[in-house]
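Structure assessment
Each chain is listed here by its residues.
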Amino acid sequence: MQTSFERKPLEQVEAGALIVPVFEGRREERFGAGDLFDAGEIAGKPLELLLLHHVPGVVATRVLLAGAGKAEKFDSAELRKLAGAAVRHLKSKSVKSIAMALDPEHASADFASAAVEGAILGDYEPDRYKTDDDKKSVDRFTVVGAADDLEDAVTRGRIVAEAQNFARTLVNEPGNLLTPSKVADAARSMATEYQLDCQVLDLAEMERLGMGALLGVARGSAEPPALIVIGYKPSQTNSPAHLGLVGKGVTFDSGGISIKPSDGMEKMKYDMAGGAAMLGAMRAIAQLKPALAVTAFIPCVENMPGSRAQRPGDIVVAMSGKTIEVINTDAEGRLILADALTYARKQGCTHLVDAATLTGAVVVALGHLNVGLFSNDNGMRDRVLQAAKSAGERMWPMPLEDDYKEYLKSAFADLANVGGRWGGAITAAIFLKEFAEDTPWVHLDIAGTAWLDESKPFLAKGPTGLPVRTMVRLAMGWAD
Ligand code: BES
Ligand code: ZN
Ligand code: ZN
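Residues numbered from 1 in each chain as written. Chains lettered and ligands numbered in written order. Predicted model: local features only at pLDDT ≥ 70, side-chain atom pairs only at ≥ 80, totals over all residues. Heavy atoms only, no water.

1. Looking at the overall build of the protein chain
Rule in force here: Numbering of helices and strands starts at the N terminus; helices are DSSP runs of H or I of at least 4 residues and strands are runs of E of at least 2. Put simply, the radius of gyration uses C-alpha atoms, and a globule should come to 2.2 Å times the residue count raised to 0.38. Each residue gets one of three labels from its accessible area relative to the maximum for its type: buried under 20%, exposed over 50%, partly exposed in between, using a 1.4 Å probe on protein chains only. Contact definition: two residues touch when any of their heavy atoms are within 4.5 Å. The method behind every accessible area is Shrake-Rupley, applied with a 1.4 Å probe, and residues are considered shielded solely by the protein chains displayed. Charged residues are defined here as Lys and Arg on the positive side and Asp and Glu on the negative side; His and the ends of the chain fall outside this count. In this description, the location of a charge corresponds to atom NZ of lysine, CZ of arginine, CG of aspartate or CD of glutamate.
Across its full length, the protein chain carries 13 helices and 20 strands. For 480 residues, the compact-globule formula gives about 23 Å, and the C-alpha radius of gyration of the protein chain, at 23 Å, lands near that figure. Dimensions along the principal axes, computed over C-alpha positions, put the protein chain at roughly 80 × 50 × 40 Å. Burial analysis of the protein chain (480 residues in total) assigns 59% to the buried set. At a minimum sequence separation of 6, the contacts of the protein chain that also span at least 24 residues come to 78%. Roughly 19700 Å² of accessible area belongs to the protein chain as shown, and the carbon and sulfur atoms make up 49% of that amount. Taking the average place of the 52 positive charges on the side chains of the protein chain and the average place of its 63 negative ones, the gap between the two points comes to 1 Å.

Encoded structure:
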């Protein structure tokens, strides 16, 4: 999708449709909307849409009145959703060229970026493997404002949303087509396109490094594992910080020998959503060029119950030297992340964030609305929460007290890989904390938020691309 910014009176904007946000409790006079408010055809409620044709004095072919809710509550997150819902509505009617008006009260750079993000995210469909030829998409999206030049904000929005869609595309790939080696191929070509360093550690290298936790998981599959390392270095920086982004890359999670029930198992292709999001974040970071070093580490494996698979009761030695009793082979994410976290620390990362579709328990705790956020450092926690808030991705802080460690006791090894029935999202995080050690670190459990079971007016069913935007904000907003 082409994006641009125009400073023009709304009546003169050329487009197949001009989206005009209208607020609840504020009778819009322009475009003959006054009568429509009086008749109760539109009230300005959130995501209400009313399409008008042949509006006198307007160059655009159509005007779409778009309910924005109460003006006091309207923020960039609401605008992102509104732009997405409007674009999805218009493209279903085959409109190709769309403009969206920013009202003067809500016309900062953040609003302009959010409008573009909403449009590009809303336009995305996970239809790559559909062979029918009536696929609809939007060609042009223009943000129209009255005051500041928002061209750069529009560009930033486009870069971030395209990176998020890049992640969504990877997540939606089925396990047969996107194996660990194929994720590595995708990472390499993305890195080449955006001039990032890329290195992929193979099985032999991981053996040499003693990554017994990761390799234990990989044993059950005929597909070899891969540890993707993608690095960005700023041209100049005063920051001693080196941010490590670690993402779970299980291309398919059958559960292994502790096999999952078949009902819904097809969804487990999205068990690499954390890894895809970190790749997406790097794609945007390469273009937006923050002033600190950022490296992504993506351990990729397929969790399968092959004849060489690890068994419940197996004891593996992680790269850090800690021994782990594998009680349940379906708790594989924490095993591969353990070694990736250790490796990231050894590579000199001073701050770490991991994103992982780690537990069903986080979905029980927070539903599908909030990412579960865990941290061993209040400063790092606040940085990520702040970034999430401004990026419009909801995250909720969860406890991570040492007392929980007792749940992971093993009679035979340093720790067990599962912690019993209760507090499953917390015990998973406690497990990871053992490997983040004293590095300031945030763990994001995205099991409930990386996938939409039903489409929303502003987003297709399937992968959401969380937490790409938060990771990009975190890097861009880094100070010191
Ligand atoms: N990939 C799953 C977690 C998951 C569940 C993601 C639902 C998305 C939706 C993870 O590897 C897993 O299987 N976790 C187990 C842990 C348990 C064995 C302690 C779980 O949550 O059931
Ligand atoms: Zn699992
Ligand atoms: Zn998993």
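From this point on, the discussion continues.
2. Overview of the sheet that holds strand β6 (residues 140-145)
Heads up, the rule is: What makes two strands pair is DSSP finding at least two bridges between them. Between the N-to-C directions of two axes lies an angle of 0 to 180 degrees, each axis being a line fitted to C-alpha atoms and, for a helix, fitted only over the stretch in contact.
Pairing is mixed in the open sheet, where six strands are placed in the order β1-β6-β5-β2-β4-β3. For this open sheet the edge positions go to β1 (2-7) and β3 (49-53), each flanked by a neighbour on one side alone. Adjacent strand axes in the sheet meet at a mean angle of 25° when their direction is disregarded. As defined by bridge partners, β1 adjoins β6 across six bridges and the pair is classed as parallel. In the strand pairing of β6, glutamate 6 is matched with valine 144. Against the sheet, helix α3 (residues 109-123) touches β1, β5 (97-101) and β6, its axis set at about 160° to β6. Strands β1 and β6 of the sheet are contacted by helix α4 (residues 151-172), whose axis makes an angle of about 160° with β1.

3. Remarks on the coordination of the zinc ion (ligand 3)
Our working rule: For Na, K and Ca the donor cut-off is 3.2 Å, while for other metals it is 2.8 Å, and in both cases only N, O and S atoms qualify; water is not among them, so sites may look incomplete. Tetrahedral means four donors with every angle between 85 and 135 degrees, whereas square planar (four donors) and octahedral (six donors) require angles over 155 degrees between opposite donors and between 65 and 115 for all others; sites fitting neither are termed irregular.
The coordination sphere of the zinc ion (ligand 3), as far as protein atoms go, consists of Lys248 (NZ), Asp253 (OD), Asp271 (OD) and Glu332 (OE), spread over 1.9 to 2.4 Å. Geometry at the zinc ion (ligand 3) is octahedral, judged from its six donor atoms and the angles of 77 to 173° they form at the metal. Along the chain, the residues donating to the zinc ion (ligand 3) fall in the pattern K-x4-D-x17-D-x60-E. A separation of 3.2 Å is found between the zinc ion (ligand 3) and the zinc ion (ligand 2), which are bridged by aspartate 253. Taken together, the positions of aspartate 253 in strand β10 (residues 249-253) and glutamate 332 in the loop between β13 (323-325) and α9 (333-346) put the pair 79 residues apart, joining distant regions of the chain. Among the residues examined, aspartate 253 registers a relative accessible area of 3% and is labelled buried. The buried category is assigned to glutamate 332, whose relative accessible area is 0%.

4. Points about the packing of aromatic side chains
Applied cut-off: Here a Phe, Tyr or Trp ring, Trp counted by its six-membered ring, pairs with any other such ring whose centre lies within 6.5 Å, and the pair is stacked when the planes are under 30 degrees apart, edge-to-face when over 60, and tilted otherwise. Two conditions define a charge located above a ring, namely a distance within 6 Å from the ring centre to NZ of Lys or CZ of Arg, and an angle within 35 degrees of the ring normal.
Considering all chains together, one arrives at six aromatic pairs under this definition. Measuring from centroid to centroid gives 6.0 Å for phenylalanine 297 and tyrosine 343, while their planes differ by 80°, and the two rings are edge-to-face. Note that phenylalanine 297 is positioned in strand β11 (residues 293-303) and tyrosine 343 in helix α9, a separation of 46 residues in sequence. Judged by relative accessible area, phenylalanine 297 falls into the buried class, the value being 0%. With a relative accessible area of 7%, tyrosine 343 lands in the buried category. Each residue in the set Phe23, Phe74 and Phe111 is aromatic and connected to the rest through ring pairs, giving one cluster. Seen from the ring of phenylalanine 23, arginine 26 lies directly overhead, with NZ or CZ sitting 5.5 Å from the centre. One residue, arginine 383, lies across the ring of tryptophan 478, its end atom 3.7 Å from the ring centre.

5. So, the site of ligand 1
Where we set the bar: Nearness of a residue to a molecule or strand requires only that one of the residue's heavy atoms be within 4 Å of it. We call two N or O atoms a polar contact when they sit within 3.5 Å, provided that within protein one can donate a hydrogen and the other can accept it, with sequence-adjacent residues counted only if both atoms are side-chain atoms. Throughout, the ten residues Ala, Val, Leu, Ile, Met, Phe, Trp, Tyr, Cys and Pro are labelled nonpolar, Asp, Glu, Lys and Arg are labelled charged, and all others, Gly among them, are labelled polar.
Around ligand 1, the structure places 16 residues, and the nearest of them are Lys260, Asp271, Asp330, Glu332 and Gly360. In this structure, a nitrogen atom belonging to ligand 1 sits 2.8 Å away from a side-chain N or O atom of aspartate 271. Take glycine 360: an N or O atom from its main chain is 2.7 Å from an oxygen atom of ligand 1. Coverage of ligand 1 by the protein chains reaches 77% of its 520 Å² of free accessible surface. The residue inventory of the shell around ligand 1, partitioned by class, reads five nonpolar, four polar and seven charged.

6. Let's talk about the packing of helix α5 (residues 180-193) against helix α8 (residues 273-288)
Note the cut-off: When an angle is under 35 degrees it counts as roughly parallel; over 145 it counts as roughly antiparallel; between 65 and 115 it counts as roughly perpendicular; any other value is oblique.
Two numbers describe how α5 lies on α8: the axes approach to 11 Å, and their chain directions differ by 10°. One finds that α5 runs roughly parallel with respect to α8. Residues Val183, Ala187 and Met190 of α5 touch α8, and the partners they reach there are Leu279, Met282 and Arg283. For the contact of α5 with α8, the residue count by class is five nonpolar, no polar and one charged.

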